[in-house]
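# Reading the structure
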Amino acid sequence: MSTSVGLYGASGTAYVLQQAVSTLTDKQTALVAQATTGVTSDTYAGLGDQRGQALSLQPQITAISTWQTSVSGAQTNLSVTQSALTQISSLNTTLQTDLLSLNGTYGQETLATVVESAKTALSELGDYLNTKGSNGYVFAGTDVNNAPVPDASNLATSNLATVTSDAVSQLDTLGASSVFQTATSYAASGGTYTTTDNTTVGLSVFSSALSTDPSAAEGLETKAVVGQGAVVNVGMVATEGTTPTSSQTTTTGSPIRDLMRNLMIVASLGNADTSSSNFSDLVDQLKASTSTVGTELSNQVSSLALTQNSLTAQSTNLSTMSTMLTSQLSDIKDVDIAAVSVQTGNVQDQLLASYTLISDLKGMTLADYI
């Protein structure tokens with residue numbers, strides 16, 4: 001009889017209650033975790049039938065976050081580039097003004113002031129071209145770790161400036177057009193020059209990556225991935241532009257190179273005869289060139305502004321998408337804290353009742369079964 005009581009009485013009932021307590025305890029632990037973390041489960045398996053949707057949403061949210069970071073970095077670099085390019089445009093404007101002051105017959109004092117201004121502008125130009133952004137030199141294209149102008153502070157005494165000065169010194173012999181074309185050839189080549197004493201010197205003042213033709217330089221522009229299959233060119237390469245045709249002998253094709261050439265020519269005019277027709281002809285060519293450079297730089301600033309506006313719009317779109325997808329994922333993963341609180345209370349009541357029953361069973365005797 002005692003065996004039957006043990007099997008079908010208190011022991012059997014206690015076992016069932018203990019199993020119920022274990023189940024309720026697990027449920028209570030899960031509810032406490034939900035109340036603490038605010039999510040239904042810390043694993044996708046715990047999301048039940050909605051785990052597939054959650055699995056598809058998370059990679060999309062991660063991708064959008066990556067694109068947002070890319071857009072933000074691109075915007076920062078564009079802002080820095082625009083600021084530096086505006087300063088470079090200002091140098092060109094100052095040069096235009098200085099050239100206007102060279103009209104007519106002026107003494108060496110006026111010319112000397114303009115020459116010194118050009119030399120100073122060359123140093124400033126080099127500094128602006130070596131402007132750094134969030135991830136390197138903004139005018140270096142993909143070669144962000146190397147300065148576009150390695151010896152920026154000495155542009156006025158560089159090999160390019162020296163050979164340009166040599167050409168300008170022959171102004172009265174060669175004529176304005178020949179001098180201007182020769183200086184253009186030097187500025188555009190990026191190659192070498194053999195001096196009168198048979199010494200070969202390099203002419204490029206730019207880094208090796210940027211010492212290329214304008215079209216190839218444009219291909220070095222950095223790119224930013226700003227969306228699914230969306231890639232945009234960001235910034236400007238110092239030597240970029242349009243490769244000139246054989247008939248275009250007064251431009252290097254690059255507005256920055258043209259500006260640098262113009263400054264080097266003016267910086268070499270210290271001993272020129274301001275009353276000669278060759279001098280006035282050279283000044284006229286410089287005026288025409290600076291006007292063209294001004295237009296090209298202005299267009300470049302506008303182009304950067306358009307890219308900036310496009311990125312701002314894309315940033316807004318990505319933010320909207322991120323909010324929407326995050327909300328969808330939240331609906332799947334997040335818990336209703338109020339509902340969890342009610343469920344927790346119910347489980348605690350059930351646990352209390354189970355513990356009470358187990359306690360009562362321990363005090364039951366054989367007589368309680370008769």
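Residues numbered from 1 in each chain as written. Predicted model: local features only at pLDDT ≥ 70, side-chain atom pairs only at ≥ 80, totals over all residues. Heavy atoms only, no water.

### Things to note about the confidence of the model for the protein chain
Just so we agree on the cut-off: Residue-level confidence of the predictor is what pLDDT reports, using numbers from 0 through 100. Strands are runs of DSSP state E lasting at least two residues, helices are runs of H or I lasting at least four, and both sets are numbered from the N terminus onward. In what follows, residue pairs with any heavy atoms lying within 4.5 Å of each other are defined as contacts.
On average, residues of the protein chain carry a pLDDT of 81, and 69% of them reach 70 or more. Here helix α1 (residues 2-8) stands out as the element of the protein chain with the lowest mean pLDDT, 46, in contrast to helix α9 (residues 255-267), whose mean of 97 is the highest. Low pLDDT (under 50) marks residues 1-9, which in the prediction has eight contacts with non-local residues, meaning those over four places away or in another chain.

### Focus: the environment of Ser-178
Position of Ser-178 among the secondary structure elements: in helix α7 (residues 176-189). As for Ser-178 and Thr-250, which are separated by 72 residues in sequence, their C-alpha atoms are 9.8 Å apart.

### A closer look at the pattern of salt bridges
Selection rule: Between Lys or Arg on one side and Asp or Glu on the other, a salt bridge is scored when a side-chain nitrogen of the former is within 4 Å of a carboxyl oxygen of the latter.
All told, the structure shown has two salt bridges when counted by the stated rule. Across the pair Lys-119 and Glu-116 runs a salt bridge whose closest N-O atoms are separated by 3.7 Å. In this pair, Lys-119 and Glu-116 are both assigned in helix α4 (residues 108-129), three residues apart and thus about one turn of the helix distant.

### Side note on the packing of helix α5 (residues 159-168) against α7
Definition in use: Every axis in this analysis is a line fitted to C-alpha atoms, fitted for helices over the stretch in contact. Angles between the N-to-C directions lie between 0 and 180 degrees. To sort the angles, those under 35 degrees are grouped as roughly parallel, those over 145 as roughly antiparallel, those from 65 to 115 as roughly perpendicular, and the leftovers as oblique. Crossings are sorted by hand: turned counterclockwise from the far helix by less than a right angle, the near helix makes the crossing left-handed, and turned clockwise it makes it right-handed.
Relative orientation of the contacting elements α5 and α7 amounts to 165 degrees, with a least axis distance of 9 Å. Here α5 lies roughly antiparallel to α7, going by the angle between them. Regarding α5 and α7, the two cross each other, and that crossing is right-handed. Side by side, α5 and α7 meet where Leu-160, Val-163, Thr-164, Ala-167 and Val-168 of the first sit next to Val-179, Thr-182, Ala-183, Tyr-186 and Ala-187 of the second.

### As for the pairing of strand β5 (residues 222-227)
So the rule is basically this: At least two bridges found by DSSP between two strands are what make those strands a pair.
Bridge analysis of β5 against strand β6 (residues 230-234) gives five bridges, and the strand direction is antiparallel. Following the sheet pairing, Lys-223 is matched in β6 by Asn-233.

### Notes on α5
Where we set the bar: Type-normalised accessible area, obtained with a 1.4 Å probe on protein chains alone, sets the label of each residue: buried when under 20%, exposed when over 50%, and partly exposed for intermediate values. This arc describes the spread of directions from the helix axis toward the C-beta atoms.
Every buried residue of α5 is accounted for by Leu-160, Ala-161, Val-163, Thr-164, Ala-167 and Val-168. Projection of α5 onto a plane perpendicular to its axis shows the buried side chains occupying an angular sector of 170 degrees, all on one side.

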